[in-house]
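# Summary of the model geometry
Now for the letters of each chain:
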Amino acid sequence: MRIALVLEYDGSNFCGWQSQRSGGSVQDTVEAALSKIAGHDIRVVAAGRTDARVHASYQVLHFDTHAKRPMSAWVRGVNALIPGSIAVQWASQVPDEFHARYCALERCYLYLLLNHPIRPGLYCGKIGWFHQVLDLESMRAGAKMLLGEHDFSAFRAAECQAKSPVRNLTKLKITRQGDIILFELRANAFLHHMVRNIVGCLIYVGKGKYPAEWIDALLKGRKRIDAAPTFPAAGLYLAGVTYDAKWKLPAFADSPLAMALPRMSGPANCIITDKPNE
C-alpha cells in the first residue's frame, strides 16, 4: 500500500532534506524510523527538497510498504523514534497513483525576517535578520514584477539542476507586524535558492540600493551575477503544498509560523502584492 505523511521539522541541525552518504539529513532520519516500524527498508519521496537550515511546517511525502500497521503507528510510532525537531503530523493510505512530488499543484514558502537594528537571540536560526530600515512600498512595487510566468535564471543557484528556469509565481504577499516582515510566495515549483534570492533582491530595493524597476531588469537580463547575494536560510520555511482535493490531504494554514511569533514593538503595517491585475 502507499502511505502519505505530512511532517514538520526544524532544519537547524540537519544538512537538508535530501539523503546524504554521511547521513544527517531529515530524509535519512525519517526513513530509518519508518523502516523500524515497517520491518523492512523504506524509501520516501517528498514534495520538495529543503536545503540545510531550512525548516518546514508542511512537508508532504509518500512511501510504499507491504506492512499492515494502524495509521497511528506511522504517526505516534515514528515520532517516538525520531528527534524532537521532527514530527509527523498526519498519515493516511492513498491510491497508488498519488505522488508527493508530481501530483503537487503548487508550493508555498514563507520567509520570516526580523527588521530591527539588533540581531535576534531567542529566535536565532528561526528567523532572518536585516538591520536597516526597509521601504515596504518600494519592495511591493518590485514584487509585482515577479508575478506570473517568467524565466527566473537571475534568481536560481548556479548548481540548480532544474531542466527549465521558467516558473509561474502566483502569489507574493508581504506582511509586516511590528519588526517582523513575512514574505509568502506561491508557485507551481521553485528553483534552487529561488526564494532566498528573491528576498535578497527585494531587500536591496527596500534599503534603497536599487529602484523597484531593477527587479524587472534582473528578470529580463537573466544573469545571476547581477542579482543580490543569496539571503541566509534561517528564516525560510516550506509552509504548504497544494494538491487536488481528490487526494484528501489536510489543508495547511497560510501563515502559521508568523502567527506563532510574539508581536514585537513598532507600528503595524501591511502591504500585499497578490495577482498582477489586483
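### Here we look at the layout of surface pockets
Here the largest pocket defines a volume of roughly 1,200 Å³. In terms of lining, the largest pocket is formed by 39 residues, of which the most central are Gly 48, Arg 49, Arg 101, Phe 190 and His 192. Where the lining of the largest pocket is concerned, the elements lending two or more residues are strand E2 (45-46), strand E5 (106-115), strand E8 (166-177) and helix H4 (194-206). In terms of residues, the lining of the largest pocket owes the most to one element, H4, which gives three residues. Along the lines of polarity and charge, the residues of the lining of the largest pocket split into 20 nonpolar, eleven polar and eight charged.

### Overview of the packing of H4 against helix H5 (residues 213-221)
Two measures define how a pair of helices packs: the angle their axes make with one another and the distance between the axes. Put simply, H4 and H5 touch, their axes get as near as 9 Å, and they point 145 degrees apart. Contact residues: H4 offers Cys 201, Leu 202, Tyr 204 and Val 205, while H5 offers Trp 214, Ile 215 and Leu 218. Classifying every residue of the contact of H4 with H5 gives seven nonpolar, no polar and no charged.

### A look at the side chain of Gln 59
As for its placement among the helices and strands, Gln 59 is situated in strand E3 (residues 55-64). At a separation of 3.4 Å, a polar atom in the side chain of Gln 59 contacts the main-chain amide nitrogen of Ala 47. At 2.8 Å, the side chain of Gln 59 forms a polar contact with the backbone oxygen of Gly 48. Those residues in contact with Gln 59 that sit more than four places away from it in its chain are Leu 5, Val 6, Leu 7, Tyr 9, Trp 17, Ala 46, Ala 47, Gly 48 and Leu 238.

### Some details on the state of the cysteines
A covalent bond between the sulfur atoms of two cysteines is what we call a disulfide. Inspection of the entire model under this criterion finds zero disulfides. The thiol sulfur of Cys 15 is not disulfide-bonded, and the nearest other cysteine sulfur, from Cys 160, lies at 19 Å. Between Cys 160, a cysteine without a disulfide, and Cys 201, which holds the nearest cysteine sulfur, the sulfur-to-sulfur distance is 15 Å.

### What about the pattern of salt bridges?
Under the definition given, this model contains eight salt bridges. Here Glu 31 makes a salt bridge to Arg 43, at a shortest N to O gap of 3.7 Å. Linking Glu 31 in helix H1 (residues 26-38) with Arg 43 in the loop between H1 and E2, this pair joins segments that are twelve residues apart in sequence. Given the relative accessible area of 5%, Glu 31 is considered buried. Residue Arg 43 is classed as exposed on the basis of its relative accessible area, which comes to 57%.

### Details of helix H3 (residues 136-144)
All of the buried residues in H3 are Leu 136, Met 139, Gly 142 and Ala 143. Looking down the long axis of H3, one finds its buried residues gathered within 120 degrees of arc, a one-sided arrangement. Two to three positions downstream of the cap, the backbone nitrogen of Glu 137 sits 3.1 Å from a side-chain oxygen, assigning the N-cap of H3 to Asp 135.

### A closer look at the nonpolar core
Core analysis: the biggest nonpolar cluster contains 95 residues, and Val 60, Phe 98, Leu 172, Phe 183 and Tyr 243 have the highest contact counts within it. Looking at this core, the element that brings in the most residues is H4, giving nine residues. Each residue touching Phe 98, except ones within four places of it in the same chain, is listed here: Arg 2, Ala 4, Val 60, His 62, Cys 103, Tyr 243, Trp 247 and Leu 249.

### Structural notes on the confidence of the model for the protein
Considering every residue of the protein, the mean pLDDT works out to 90; 91% of them sit at 70 or more. Mean pLDDT values for the elements of the protein range from 34 in strand E11 (residues 269-273) up to 98 in H4. For residues 262-278, every residue scores under 50 in pLDDT, and the model assigns this stretch 42 contacts once sequence neighbours within four places are set aside.

What counts, and at which threshold
Residues numbered from 1 in each chain as written. Predicted model: local features only at pLDDT ≥ 70, side-chain atom pairs only at ≥ 80, totals over all residues. Heavy atoms only, no water. 1 Å grid on protein atoms, 1.4 Å probe; cavity = no way out; pocket = protein on both sides within 12 Å on 5 of 7 lines; lining within 4 Å. Points joined across faces, edges and corners; volume = space filled by probe spheres on them. Helix = DSSP H or I, 4+ residues; strand = E, 2+ residues; numbered from the N terminus. Nonpolar A, V, L, I, M, F, W, Y, C, P; charged D, E, K, R; others polar. Axes fitted to C-alpha atoms, helices over the stretch in contact; angles between N-to-C directions. Contact = heavy atoms within 4.5 Å. Polar contact = N/O pair within 3.5 Å; in protein donor to acceptor, adjacent residues only side chain to side chain. Disulfide = S-S within 2.5 Å. Salt bridge = Lys/Arg side-chain N within 4 Å of Asp/Glu carboxyl O. Buried < 20%, exposed > 50% of the residue type's maximum accessible area, 1.4 Å probe, protein only. Arc of directions from axis to C-beta. Core = buried A, V, L, I, M, F, W, Y, C linked by side-chain atoms within 4.5 Å. pLDDT = per-residue confidence, 0-100.

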